[in-house]
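Overview (structure and organization)
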Amino acid sequence: MPTNPAPSGLIADLYELTMAAGYLETRFEARATFELFVRSLPHRRNFLVAAGLEQALEFLEAVRFSAEDIAYLRQHPAFARISAKFFDYLAAFRFSGDVWALPEGTVCFPGEPLLRISAPIAEAQIMETALLATISFQTMIASKAARVSKAAAGRPVVEFGTRRAHGTESGVLAARAAYIGGCLGTSNVRAGQLFGIPTYGTQAHSWIMAHDREEEAFAQFMDIFPRHSVLLLDTYDVHAALEKVIAGGRKPRGVRLDSGDLAADSNWVRQKLDEAGWGDVEIFISGDLDEERISSLLDAGARVDTFGVGTSLSTSLDAPSLSVLYKLVELERGGEVRKAAKFSAAKVTYPGRKQIYRKTDSRGDYEGDLIALEDEHVTGEPLLVPVMREGKRVGHAEPLPELQKRCQSQIERLPAAVRALTPANHAYPVRHSARLEALLEQVRERIARAVSRT
């Protein structure tokens, strides 16, 4: 991967930097543990697929405050009364904490920590926004890709939504997350370069329109790309276009339908290709597809070899955000460890460092998860693993095909109702251990006593 400039520590919300300054100014020295998790599933989702950890760890290792960053903060009115000590701290800033996380491609559920970070409190606080944005976005896209791949019923899906993504960087990372979630590849060449994702492409309507005759456009494209020609049939008339291709006598690798009655046209195209003895010519279908439309097309008998999905995938159009949170769960200060929780209405969080244990039945299928304190001895597979110690990576980045394989394997082990595209009548079971529930009540009582004394 090419070397990039160090990411800026200003990729943060202002309040994270003001709190960090406050900790330094007041000499509030503590080691904090924060956990990142999703509060609830988006509409129509039964599970999520964790993704984005690699980019999160890259950020933590490389984040710096440049001289320009610090100069900007010095003149910011919020820091007018802050001493030079804070700016010196930023100039020497390096993340030094420990991180535990779910491996990418892991199936996960609300309330389960996707990532746990322990570090000096100012460090941990400054990292909040970047970690939330990085993990949330790719988890959202990978989860959508898993649904689209499920709908395709074994047929390959190619992601090509960069042109509709929320910026070019989002497009590249969406391609990565979509691959983890089950896509065959992407149209994004930069994603192919950076991550080794297979890249695919056909041609645009503009290629056809730029030529005087449709058959000339097809012939010239096949001259240049004899082994990779996927010809677009619906610029003018699907039937006339295919007849011209067949009359030319040169077999393309595939044909593409991007509009119209895709079910009816794909059946007609398949029949004509087979009659010409071109049974191995693939039919590629695209055009505002998502998991529901793909399912409908297949139910209607569409003949398709590969689906191309753009906007709905790269933006997770039906659920474009996750209720992802980053909450303090433990504070160690002066040798004393204090568990932390939030108790506002409908937004209760659980205290303490946690581990997730996944239980399986006799066949190896998943039957439920237990969220427990990290030092509990619980049956089941522990899901959170150490990925960073003292600011340095533990191990190496996993190859993307391994992440995709993990995702597919775990989805297959979920209960059938949870794997389905329709909302499950009964959510996948996720419980908290008795010790964790008891700790929550202890913290609640401690806070209530403190409030009553004020």
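Residues numbered from 1 in each chain as written. Predicted model: local features only at pLDDT ≥ 70, side-chain atom pairs only at ≥ 80, totals over all residues. Heavy atoms only, no water.

**Here we look at the packing of aromatic side chains**
For the structure on display, the rule yields 10 aromatic pairs. Ring plane angle 85° and centroid distance 5.5 Å describe the contact between Phe-65 and Phe-93, whose orientation is recorded as edge-to-face. Within this pair, whereas Phe-65 is found in the loop between α2 (53-62) and α3 (67-74), its partner Phe-93 is found in the loop between α4 (84-91) and β3 (98-101), the two being separated by 28 residues in sequence. Each of the two residues, Phe-65 as well as Phe-93, counts as buried. (Phe/Tyr/Trp six-rings, centres within 6.5 Å; stacked < 30°, edge-to-face > 60°. Helix = DSSP H or I, 4+ residues; strand = E, 2+ residues; numbered from the N terminus. Buried < 20%, exposed > 50% of the residue type's maximum accessible area, 1.4 Å probe, protein only.)

**A closer look at helix α13 (residues 291-299)**
Working note: α-helix, 3.6 residues per turn, so residues spaced by three or four point in the same direction. Those residues of α13 lying buried are Glu-291, Ile-294, Leu-297 and Leu-298. Down the axis of α13, the buried side of the element spans an arc of 125°, and every buried residue falls inside it. Looking at the buried residues of α13, the elements they touch are α6 (128-151), α12 (262-275), β10 (282-285) and β11 (306-309). After α13 finishes, the residue Gly-301 shows a positive phi value of roughly 85°. (Arc of directions from axis to C-beta. Contact = heavy atoms within 4.5 Å.)

**Thoughts on helix α10 (residues 214-224)**
When α10 is considered as a whole, its buried residues turn out to be Glu-214, Ala-217, Phe-218, Phe-221 and Met-222. Viewed along the axis of α10, the buried residues span an arc of 125°, placing them on a single side of the element. Residues of α10 that are exposed and point more than 90 degrees away from the buried face comprise Asp-223 and Ile-224. The secondary structure elements touched by the buried residues of α10 are α9 (205-210), β8 (230-232) and α11 (238-248).

**Some remarks on the pattern of salt bridges**
Applying the stated rule across the entire model yields 30 salt bridges. Among the ionic pairs, Asp-318 bridges to Arg-45, the shortest N-O distance being 2.8 Å. Linking Asp-318 in the loop between α14 (311-314) and β12 (324-333) with Arg-45 in the loop between β1 (31-38) and β2 (48-49), this pair joins segments that are 273 residues apart in sequence. A salt bridge links Arg-353 to Glu-330; the shortest N-O distance between them is 3.0 Å. Of the two residues, Arg-353 is situated in the loop between β13 (336-339) and β14 (354-360) and Glu-330 in strand β12; the sequence distance between them amounts to 23 residues. As far as the burial class goes, Arg-353 and Glu-330 line up, both buried. Residues joined in a network through salt bridges with shared partners are Arg-44, Arg-45, Lys-144, Arg-147, Glu-291, Glu-292 and Asp-318. (Salt bridge = Lys/Arg side-chain N within 4 Å of Asp/Glu carboxyl O.)

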